[in-house]
Amino acid sequence: MNDTTPGAAPAGANPQDQQQGNKESPLVVHVQYLKDLSFESPNAPTILTNMGQSPNLDIQLNVGARPLQDRIYEVVLNLKVTAKQKTEEDERTAFVVELEYAGVVTVGQAVPDERVEQVLLIDCASMLFPFARRAVADTTREGGFPPVLINPVDFVQLYRQRKAREAAAKEQSGNGAAEGNGDDTQA
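Structural notes, computed from the coordinates. (Residues numbered from 1 in each chain as written. Predicted model: local features only at pLDDT ≥ 70, side-chain atom pairs only at ≥ 80, totals over all residues. Heavy atoms only, no water.)

1. Thoughts on the overall build of the protein chain
Working step 1: Along the backbone of the protein chain there are four helices and four strands.
Working step 2: Reading the helices (α) and strands (β) of the protein chain from amino to carboxyl end gives α-β-α-β-β-β-α-α.
Working step 3: Every one of the 187 residues in the protein chain was classed for burial, and the buried ones make up 31%.
Working step 4: Once local pairs closer than 6 in sequence are excluded, the contacts in the protein chain between residues at least 24 apart make up 68%.
Working step 5: Accessible surface, the protein chain: about 11,700 Å² in total, of which carbon and sulfur atoms supply 48%. (Helix = DSSP H or I, 4+ residues; strand = E, 2+ residues; numbered from the N terminus. Buried < 20%, exposed > 50% of the residue type's maximum accessible area, 1.4 Å probe, protein only. Contact = heavy atoms within 4.5 Å. Areas by Shrake-Rupley, 256 points an atom, 1.4 Å probe, with all protein chains shown as cover.)

Below is the structure:
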């Protein structure tokens, strides 16, 4: 059985060779990998024996991309999952998972330069996410807790929110400079 993904490069393929051979492909994933993984359970084993209810989860997700060569990029999903367990006295950290899951991709010439950022932060992130999700689930399960199954993420909405924050920050810095009052107070 041969599992292949359309547009995926063979394992160990050289990104430069793939870039030359796949000019028509809008996106080629060369490699995916765990860049960094950390699991902490600071209150084990006590927390494991006193798990009366599901812990409260705080999940933070960020997507970044950086150029490696012409049209070759590293896309990184940063996930941080913190689980807190309420006790009779206080709230204690059950576990913290920090994960950087990355991929090296080539964005084909068919993708206009003004769309490259969207392709990286939406399309590539969507392709990497299921693997990052599984890594978090496996890690929490191996840590003695039920697996954390992160809900699917709308990377289009995440991208829009990011652009809105960038525009607001740019507008705010532009207004402060235009007014020249130096007052950074917010209402």
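Here the narrative resumes, following the displayed structure.
2. Things to note about unusual backbone geometry
Working step 1: For the peptide bond that leads from Ala44 to Pro45, omega is 5°, which places it in the cis range.
Working step 2: Structurally, Pro45 can be placed in the loop between strand E1 (27-40) and helix H2 (46-49).
Working step 3: Despite not being glycine, Arg71 has its phi angle at roughly 65°, a positive value.
Working step 4: Classification of Arg71 by relative accessible area gives buried; the value is 8%.

3. Remarks on the environment of Leu77
Working step 1: Here Leu77 shows up in strand E3 (residues 72-86).
Working step 2: Using a relative accessible area of 0% as the deciding quantity, one classes Leu77 as buried.
Working step 3: Along the sequence, Leu77 and Leu61 sit 16 residues apart, while their C-alpha atoms lie 7.1 Å from each other.
Working step 4: Ignoring anything within four residues of it in the chain, the contact list for Leu77 reads Leu61, Asn62, Val63, Leu99, Glu100, Tyr101, Ala125, Leu128, Phe129, Ala132 and Phe155.

4. A short note on helix H3 (residues 116-142)
Working step 1: Between its terminal C-alpha atoms H3 stretches 37 Å, which fits the 39 Å expected from 27 residues at 1.5 Å a residue.
Working step 2: In the structure, H3 departs most strongly from a straight axis at Ala125, where the bend amounts to approximately 40°.
Working step 3: After H3 finishes, the residue Gly144 shows a positive phi value of roughly 95°. (Expected span 1.5 Å × (residues − 1). Bend = angle between axes of the 7 residues up to and from the residue.)

5. Let's talk about the packing of aromatic side chains
Working step 1: Inspection of every chain in the model, using the stated rule, returns five aromatic pairs.
Working step 2: Each ring, one from Phe39 and one from Phe145, has its centre 6.4 Å from the other, and the planes form 55°; the classification is tilted. Of this pair, Phe39 sits in strand E1 while Phe145 sits in the loop between H3 and helix H4 (155-179); the two residues are 106 residues apart in sequence, bridging distant segments of the chain.
Working step 3: One aromatic cluster is present, built from ring pairs that chain together Phe39, Phe95 and Phe145. (Phe/Tyr/Trp six-rings, centres within 6.5 Å; stacked < 30°, edge-to-face > 60°.)

6. Observations regarding the side chain of Thr139
Working step 1: Position of Thr139 among the secondary structure elements: in helix H3.
Working step 2: Apart from the residues within four sequence positions on either side, Thr139 is in contact with Leu37, Phe39 and Val97.

7. Focus: the side chain of Arg71
Working step 1: With respect to the helices, strands and loops of the structure, Arg71 is situated in the loop between strand E2 (56-69) and E3.
Working step 2: Side-chain polar atoms of Arg71 contact the backbone oxygen of Val111, separated by 2.6 Å. (Polar contact = N/O pair within 3.5 Å; in protein donor to acceptor, adjacent residues only side chain to side chain.)

8. Digging into the pattern of salt bridges
Working definition: two side chains of opposite charge can pair if their charged atoms are close together.
Working step 1: As enumerated under the stated definition, the model contains 11 salt bridges in all.
Working step 2: Linking Glu74 and Arg66 is a salt bridge whose minimum nitrogen-to-oxygen distance equals 2.8 Å.
Working step 3: Among the residues examined, Glu74 registers a relative accessible area of 4% and is labelled buried.
Working step 4: Judged by its relative accessible area of 44%, Arg66 is partly exposed.
Working step 5: Asp138 is the partner of Arg141 in a salt bridge, and the nearest nitrogen-oxygen pair spans 3.1 Å. Remark: Asp138 and Arg141 occur in helix H3; sequence separation between them is three residues, near one turn of the helix.
Working step 6: In this structure Asp138 comes out as partly exposed when scored by relative accessible area, which is 25%. (Salt bridge = Lys/Arg side-chain N within 4 Å of Asp/Glu carboxyl O.)

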